[in-house]
Amino acid sequence: MVTTHVKRAFKYRFYPTDAQAAELSRTFGCVRKVYNMALAARTEARTRGERVNYNQTSALLTLWKKTEELAYLSEVSSVPLQQALRHLQVAFTNFFGKRAKYPRFKSRKKSRRSAEYTTSAFRYRDGKLTLAKMSEPLDIAWSRHLPEGAAPSTVTVSQDAAGRWFVSMLCEDPTVVALPATDTAVGIDVGLTHLLTLSSGEKITNPRHERKDRARLALAQRRLARKAKGDGANRAKARRKAAKVHARITDRRRDHLHKLTTRLVRENQTLVIEDLTVRNMVKNRSLARAISDAAWSEFRSMLEYKAAWYGREVIAVDRWFPSSKLCSNCGTIASTMPLHVREWTCDCGTTHDRDVNAAKNLLAAGLAVTVCGAGVRPQRSSPGGQSATKQKTPRREP
Ligand SMILES: [Zn+2]
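If you're wondering where the values come from, they're calculated on a predicted model, not measured in any experiment.

Conventions adopted
Residues numbered from 1 in each chain as written. Predicted model: local features only at pLDDT ≥ 70, side-chain atom pairs only at ≥ 80, totals over all residues. Heavy atoms only, no water. Helix = DSSP H or I, 4+ residues; strand = E, 2+ residues; numbered from the N terminus. Buried < 20%, exposed > 50% of the residue type's maximum accessible area, 1.4 Å probe, protein only. Contact = heavy atoms within 4.5 Å. Areas by Shrake-Rupley, 256 points an atom, 1.4 Å probe, with all protein chains shown as cover. Patch = residues over 30% accessible without salt bridge, like charges linked within 9 Å, V, L, I, M, F, W, Y side chains within 5 Å. Salt bridge = Lys/Arg side-chain N within 4 Å of Asp/Glu carboxyl O. Lys, Arg positive; Asp, Glu negative; His and termini not counted. Charge placed at Lys NZ, Arg CZ, Asp CG, Glu CD. Pairing = 2+ DSSP bridges. Axes fitted to C-alpha atoms, helices over the stretch in contact; angles between N-to-C directions. Phe/Tyr/Trp six-rings, centres within 6.5 Å; stacked < 30°, edge-to-face > 60°. Expected span 1.5 Å × (residues − 1). Arc of directions from axis to C-beta. pLDDT = per-residue confidence, 0-100.

(A) Quick peek at the overall build of the protein. In terms of helices and strands, the protein carries nine helices and 14 strands. With 398 residues in all, the protein has 43% of them scored as buried. If you take every contact in the protein between residues at least 6 apart in sequence, the share linking residues at least 24 apart comes to 72%. Summing over all exposed atoms, the protein offers an accessible surface of approximately 21300 Å²; the carbon and sulfur share of this is 53%.

(B) Structural view of a positive patch on the surface. Taken together, the side chains of Arg222, Arg223, Arg226, Lys227, Lys237, Arg240, Lys241 and Lys244 define a basic patch exposed on the protein surface. Elements with a minimum of two residues in the positive patch: α4 (210-226) and α5 (232-267). For the positive patch, the element with the most residues is α5, which contributes four residues. Relative to the helices and strands, Arg223 is located in helix α4.

(C) Layout of the sheet that holds strand β6 (residues 154-159). On the basis of which strands lie adjacent, the open sheet formed by five strands has the order β2-β6-β7-β1-β5 and antiparallel pairing. Two strands lie at the open edges of the sheet, namely β2 (113-118) and β5 (140-141), each paired on one side alone. Note: β6 against strand β7 (residues 165-173), six bridges, orientation antiparallel. Its bridge partner being in β7, Val155 is matched across the sheet by Met169. Against the sheet, helix α1 (residues 18-47) contacts β1 (6-14), β2, β6 and β7, and its axis sits at roughly 95° relative to β2.

(D) Layout of the packing of aromatic side chains. Under the criterion given, the structure shown has 10 aromatic pairs. Judged by centre distance (5.9 Å) and plane angle (35°), the rings of Phe92 and Phe96 are tilted. In this pair, Phe92 and Phe96 are both assigned in helix α3 (residues 78-96), four residues apart and thus about one turn of the helix distant. For Phe92, a relative accessible area of 1% puts it in the buried group. Phe96 sits in the partly exposed class, given a relative accessible area of 33%.

(E) Just the pairing of strand β12 (residues 313-317), in detail. For β12, the tally of buried residues reaches four of five residues, placing the bulk of the element in the interior. As judged from the five bridges shared by strand β11 (residues 270-274) and β12, these two strands associate in the parallel manner. Bridge pairing in β12 links Leu271 to Val314.

(F) Summary view of α4. Over its 17 residues, α4 extends 24 Å from the first C-alpha to the last, a length consistent with the 24 Å expected when each residue adds 1.5 Å. For α4, the full list of buried residues reads Glu210, Asp213, Arg214, Leu217, Ala220 and Leu224. Each buried residue of α4 sits inside an arc of 125° when the element is viewed along its axis, so together they form one side. Of the residues in α4, the exposed ones pointing more than 90 degrees away from the buried face are Arg211, Lys212 and Arg226.

(G) Spatial organisation of the pairing of β11. When you tally the buried positions in β11, you get five out of five residues, the bulk of the element. Here β11 shows a buried face lined by Thr270, Val272 and Glu274 and a second buried face lined by Leu271 and Ile273. Bridge count for strand β8 (residues 185-190) against β11 is three bridges, and the pairing is parallel. By the bridge assignment for β11, Val186 is matched with Leu271.

(H) How the structure looks around the side chain of Ser158. With respect to the helices, strands and loops of the structure, Ser158 is situated in strand β6. What makes Ser158 buried here is its relative accessible area of 4%. In this structure Ser158 touches Phe28, Arg112, Arg113, Ser114, Arg164, Trp165 and Phe166, once residues within four positions along its chain are discounted.

(I) Summary view of the confidence of the model for the protein. Across the protein, the average pLDDT comes to 84, with 85% of residues at or above 70. Within the protein, the element-level pLDDT minimum falls on helix α9 (residues 387-390), averaging 32, and the maximum on β6, averaging 97. The low-confidence segment residues 278-284 (pLDDT under 50) makes 15 contacts with residues lying over four places distant or belonging to another chain. Segment residues 374-398: pLDDT under 50, and 50 contacts once partners within four positions in sequence are set aside and those in other chains are kept.

(J) View of the sheet that holds β12. One open sheet accounts for five strands, arranged β10-β9-β8-β11-β12; its pairing is mixed. The outermost strands of the open sheet, each flanked by one partner alone, are β10 (203-204) and β12. The pairing of strand β9 (residues 196-198) with β10 spans two bridges and is classified as antiparallel. Paired with Thr197 across the bridge in β10 is Lys203.

Structure, rendered in structure tokens:
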């Protein structure tokens, strides 16, 4: 058994003093400002056919701090600002690697309010965490302990739309060790009616209460939309209300996804999922779809990091094949497959549940890639002869 040193984020709520809240709000503002200015500089350079890298944006930051109108950037800890530039670098790397859209500006209202501190910008001693530019430690609600002897390497502070403060600490967790290998594999299909459908035939539903919460969220959003622009106080109240319902949905969803991903990773050596990068490039439509897409990307990242912890493999395949129409038994492709058809019978006599069939097809495609490409993830790099997986995916039928 291989012992891997796994880094794991431990997230807690905390309750800042007024001075800490003010300092953090100022820092969030500066992080956003620096990110946006660096993005503008990089975008502008691109129009001239040049590329600006992280080091150059870092040099720009030094210059900005020396100007009169941006001198306030020096008042907050410099580390979160540097980290913002690193995040932008990652966003560009993902963009160049065709894994993400072109980076977007952070808006004051909609973007996540967060700041990341590395070791030089915080002190963690005797269970107390103190951030740069602060005299007192944060008042953290320790809902669970950090692993024995753990020392955080990165600390991220954030505030959600409902106004709650969180601190996430990245630590090595010596309790995580690879699981014994098994030979089981599973295909996982994502849907709207069911959260997930497995190739084994199991259907996993959305967390309880979610339907009700969604209806509440839709109502809160309609109320928010109706509030006149001029009516500041009521509008702010309506916005907080909507944010609270949204936070409850995502909290419950996250708990559910944690249990689910842990179970799937424990039970299976190979997990085949669909690469939805392409689908995610499409602008969003319904509320249900928006939530389901958010859950899916969270599910995927949990699955991937837990697989790495436990020595499992996640394969993401491009949906280049008509998975809903393809018979997983004989390989015949049905001519049409309207959305309302949940069950169909192929000419070979097999009756399929639409989603289970799709999950089985995903699994087969994923396993084919493992055999040919020794586990290479098809959308990142394709071994020779696997041209089908390289093909750009036509948009998947929902
Ligand atoms: Zn068939």
